[in-house]
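Topology and contacts: notes
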Amino acid sequence: MLEVKDIRFDYQAAVLKGISFTLQRGEVLAVLGPNGAGKSTLMKILIGLLAPSRGEVLLDGKNLKTLPRKLLARWLGYVAQETIVRFPLTAMEFVLQGRFAQGRLLGFETDDDLHEAKRAMEMTETYAFACRLVHELSGGERQRVTLARALASRPRLLVLDEPIANLDISHQVKLLELTRRLAHEEGLAAIVVTHELNLAAEFASRVLLLQAGEMLACGTPDEVMTEAHLCALFEAKLLVDQNPVSHAPRVTVVAPPQMTLENRNGK
Amino acid sequence: MRERLTQKRLLITLVVLSAVLLVVACVAIAIGSESVSVLAIVKILAAKLTGQVAAVSPEQQIIIAEVRLPRVLLAIIVGAALSVAGTAYQALLRNPLADPYILGVSTGAALGAIAATVFAERLPIGRPVAAFIGATLTIATVYFLGQTQRGASNERLILAGVITNSFLSSAVIFLLTVATGSHLRSVFSWLIGDFSGDVKLLPLIAGFIVVGMVIIFFQARSLNLLMIGEEPARALGVEVRRVQIIVYLSASLITGAAVAVSGVIGFVGLIIPHAVRLVGGSDNRLVVPASAFVGAIFLLFADTIARTVIAPSELHIGVITALIGAPVFVYLLRRVS
C-alpha cells in the first residue's frame, strides 16, 4: 500500500538517508527516535510537503511526486501535534475543511460532504460537540476533531505527527486506541510519530526506529524494541521487559542514583 | 448556536446588507449644510440613470450629483476596500489584529501615491499603481520583520508594523515638506485620511478595487484553511504559495487604490471583519463580501459624522475611525494574547 524506497533528504547536510519500508492497510506504524532524528522531516515527505532528494514514496503504486495536490489530499489524512485556531470556528466547520479537496472554487458543501463529516465525527465521538467552537474545546477533544477532519476525505493513509504530545494519559490511550481501531475497521494504514515508547509498544503493529536520519530497525515491537536498540537510540539507561498483561515490550527508565553530599564523599 | 454557512444564508445576508447600504447612502446624501429631501435624491439618481433632466432646483442638482454623490461613492468604495484588505491580511497572517493601517501597508501606499504625484503628476494611473507598489513592498517588509524561526508571532508582527509605519510616516512628511510646488494635499489629509479631495480618479479606483475584491472572494475557501496554518492547509489540498501571492497582491492593490484617493484611514480593516465574524462566523465566503458591505456602511456613517459634527468645518475621517478603532484594538489585543 505504502512503499518508501531508499529515500534521502538533504538540507545543508543529510537529514534522512536510506529509509525504506512498506506499510499495509490495517497496520499502525510507530516512528520512534530522539529529538532531531528526522521524524518530522520524514512525515513531511510522506504527506508531500517536502520532496525527497533521492528515492521515492509510492502510495498504491503511484509516486507521490506525480500526484496532484488535491488528489494527494484526498488520499492522505494528516494530524499535527497541535492545532491552534485563532478565529471562531465550530467543530463541524473545522471537520468540513477536510472535504476541501472534493469541492470546487467557491463550492458550498454538498450532502455528501455533510454525510462524510458527520460519519468522521461519529467515528471519533465528536459529533456531540459539532456546534461548539474549536478554540473552546479541551486538548483531547481538539485532537479528536482534528482526526475527524483528517478522516473526512476517507483517506487511505493517516499520518499523525506527535498527536498525543500535549495530552494526558487517558486521552493518549483513547486517541491511539481509536487510531488502531480505524486502521483495522476502515482498512487504513496509519503512521504515528511519538515519544511514548510504552504506548507505541501497545498500539503499533510495527515500529520504526530512527537514529540521526538513518533507520536503526523496523519490525514488530517485539523484534525491534529491545534493550540494546532503545538504549543506543536514546543514549539512556532503559530496562526493557514484558508487560505482564499484554506481553508487549515494556520500557522502564533506570535513573542514575541521586547525588547527595554523603554518596559524593564516598560514605 | 450559529448555523453553518449555506448559499441561501449568504444570499440573504448580502441582500439585506445591500438594502441597508442603499438606505444609509440616501440618508448620507440628504444630510449636510443644505438639507435635501430623499425624494429629490431619488429623482436625481433616476434622472442620472435614464439620462433625463430631473425636476429639482439646479442648486440641489449640483449639491447632490457633483458634491455629495461622488463623496458617498468614495466612502463606500474605500470602506469596502479597507475591510476586505483587512480580512485578507488577517487570514493570510493568521492574526485577527492584522489590518492595512496597523501593518503600515496604508502608509506605504500613501508614500507611493505621493511619490507618483510629485514625480509624475500628469499620469492619473500613476497614483494607484505607485500606491499598489508601495503597499506590496511594505507588506513584504513587515512580513519578513515579523517572522521568527517558529513563524510569525502576534506581538512581533504588530511591532514590525508599528516600526515600519513610523518610518514611512516620516518619509511621507519629508516628501510633502520638500515637494512644495506640486498640487498635493496636506500632510494631515494623507496621514489621517479625508474624502474632500478630487474625485476624478473615482471610476479608475473603483475598477481596481472591485477586481481585487472579486479575486479575493474567489480564494475564500482556501483562505478558510490558511487561517488554521500553512502546513495543514497544504496537506488538505491548498496550493498555498499560489493563493498567498494572489491574495497578498490583490489586498495590496485594493489598499493602494483606496489610499491613493483617501489617504490613510485607520482601523476600518480591523474592526469590520471582526464584527462580521462575531455575528456570522469565520467562513470567508461570508466574511469577505459581508465585510465589503459593512465596511462601506461604517465609513459612510463615519464620514457623515466627520463632515457634519463641527459644521461648517470638517473633521478628518481618520479621527472618527481611530476614536472607535483604537479601543476595539485594545480589546482584541487582550483577547488574542
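Just above, that's the structure.
Residues numbered from 1 in each chain as written. Chains lettered and ligands numbered in written order. Predicted model: local features only at pLDDT ≥ 70, side-chain atom pairs only at ≥ 80, totals over all residues. Heavy atoms only, no water.

**Considering the overall build of chain B**
Across its full length, chain B holds 14 helices and two strands. A compact globule built from 337 residues should have a C-alpha radius of gyration of about 20 Å, and chain B, at 20 Å, falls within 12% of that. The buried share of chain B, taken over its 337 residues, is 56%. For chain B, contacts bridging at least 24 residues in sequence account for 76% of all contacts bridging at least 6. In the structure as shown, chain B presents an accessible area of about 14,400 Å², 69% of it carried by carbon and sulfur atoms. If the 24 positive side-chain charges of chain B are averaged to one point and the 15 negative ones to another, these points end up 7 Å apart. (Helix = DSSP H or I, 4+ residues; strand = E, 2+ residues; numbered from the N terminus. Rg over C-alpha atoms; globule rule 2.2 N^0.38 Å. Buried < 20%, exposed > 50% of the residue type's maximum accessible area, 1.4 Å probe, protein only. Contact = heavy atoms within 4.5 Å. Areas by Shrake-Rupley, 256 points an atom, 1.4 Å probe, with all protein chains shown as cover. Lys, Arg positive; Asp, Glu negative; His and termini not counted. Charge placed at Lys NZ, Arg CZ, Asp CG, Glu CD.)

**Quick word on the side chain of Thr164(B)**
Here Thr164(B) is to be found in helix α6 (residues 154-178). Non-local contacts of Thr164(B), meaning those with residues more than four positions away in its chain, are made with Thr138(B), Val142(B) and Leu145(B).

**Topic: the pattern of salt bridges**
Taken as a whole and assessed by the stated rule, the structure comprises 24 salt bridges over all chains. With its nearest N and O atoms 3.9 Å apart, the salt bridge here joins Lys17(A) to Glu214(A). A residue pair is termed long-range when its members are at least 10 positions apart, and Lys17(A) in strand β2 (residues 13-23) and Glu214(A) in strand β10 (residues 214-219) qualify at 197 residues. According to the relative accessible area criterion, Lys17(A) is partly exposed, its value standing at 34%. Look at Glu214(A) and you get partly exposed, because its relative accessible area is 39%. Here the residues in one salt-bridge network are Glu109(A), Arg4(B), Asp283(B) and Arg285(B), joined through shared partners. (Salt bridge = Lys/Arg side-chain N within 4 Å of Asp/Glu carboxyl O.)

**Concerning the interface of chain A and chain B**
At the interface, 34 residues of chain A touch 32 residues of chain B. Roughly 3,300 Å² of surface becomes buried between chain A and chain B when both sides are summed, with 62% attributable to carbon and sulfur atoms. Per-residue buried area on chain A facing chain B is highest for Phe87(A), Phe100(A) and Phe108(A); these three make up 25% of the total on that side. Along the contact surface separating chain A from chain B lie three salt bridges. Its salt-bridge partner being Arg285(B), residue Glu109(A) comes within 3.1 Å of it at the nearest N-O pair. (Buried area = accessible area lost by both parts, 1.4 Å probe.)

**As for the environment of Thr138(B)**
Residues and elements named next belong to chain B. Along the chain, Thr138 falls in helix α5 (residues 126-146). Remark: the alpha-carbon pair of Thr138 and Asn165, spanning 27 residues in sequence, is separated by 9.0 Å. Those residues in contact with Thr138 that lie beyond four places of it in its chain are Leu103, Gly104, Val105, Gly108, Thr164 and Leu168.

**Comments concerning the nonpolar core**
All names here are of chain B. Counting 108 residues, the largest nonpolar core has Val78, Tyr89, Leu103, Ile209 and Ile216 as the members making the most contacts within it. Sort the elements by how many residues they give to this core and helix α3 (residues 58-93) lands first, with 19 residues. The contacts of Ile209, once residues within four sequence positions are left out, are Ile77, Ala81, Ile254, Ala257 and Ala258. (Core = buried A, V, L, I, M, F, W, Y, C linked by side-chain atoms within 4.5 Å.)

**Some thoughts on the sheet that holds strand β8 (residues 189-193) of chain A**
Residues and elements named next belong to chain A. An order of β6-β7-β8-β3-β9-β10 is seen for the six strands of this open sheet, with the pairing classed as mixed. Edge positions in the open sheet fall to β6 (76-79) and β10, since each of these has one partner strand only. Geometrically, the sheet is characterised by an average inter-axis angle of 15° between neighbouring strands, direction not taken into account. Sheet analysis places strand β3 (residues 28-32) next to strand β9 (residues 206-211), joined by four bridges and oriented parallel. Considered in β9, the bridge of Ala30 is made with Val207. (Pairing = 2+ DSSP bridges. Axes fitted to C-alpha atoms, helices over the stretch in contact; angles between N-to-C directions.)

**A look at the sheet that holds β2(A)**
Residue and element names in this part refer to chain A. Pairing within the open sheet is antiparallel, and its four strands lie in the order β2-β1-β4-β5. The open sheet has two edge strands with one neighbour each: β2 and β5 (62-63). Bridging between strand β1 (residues 2-11) and strand β4 (residues 54-59) involves five bridges; their strand directions are antiparallel. Bridge pairing in β4 places Leu2 opposite Leu59.

Purely spatial values, then, with no claim about function.
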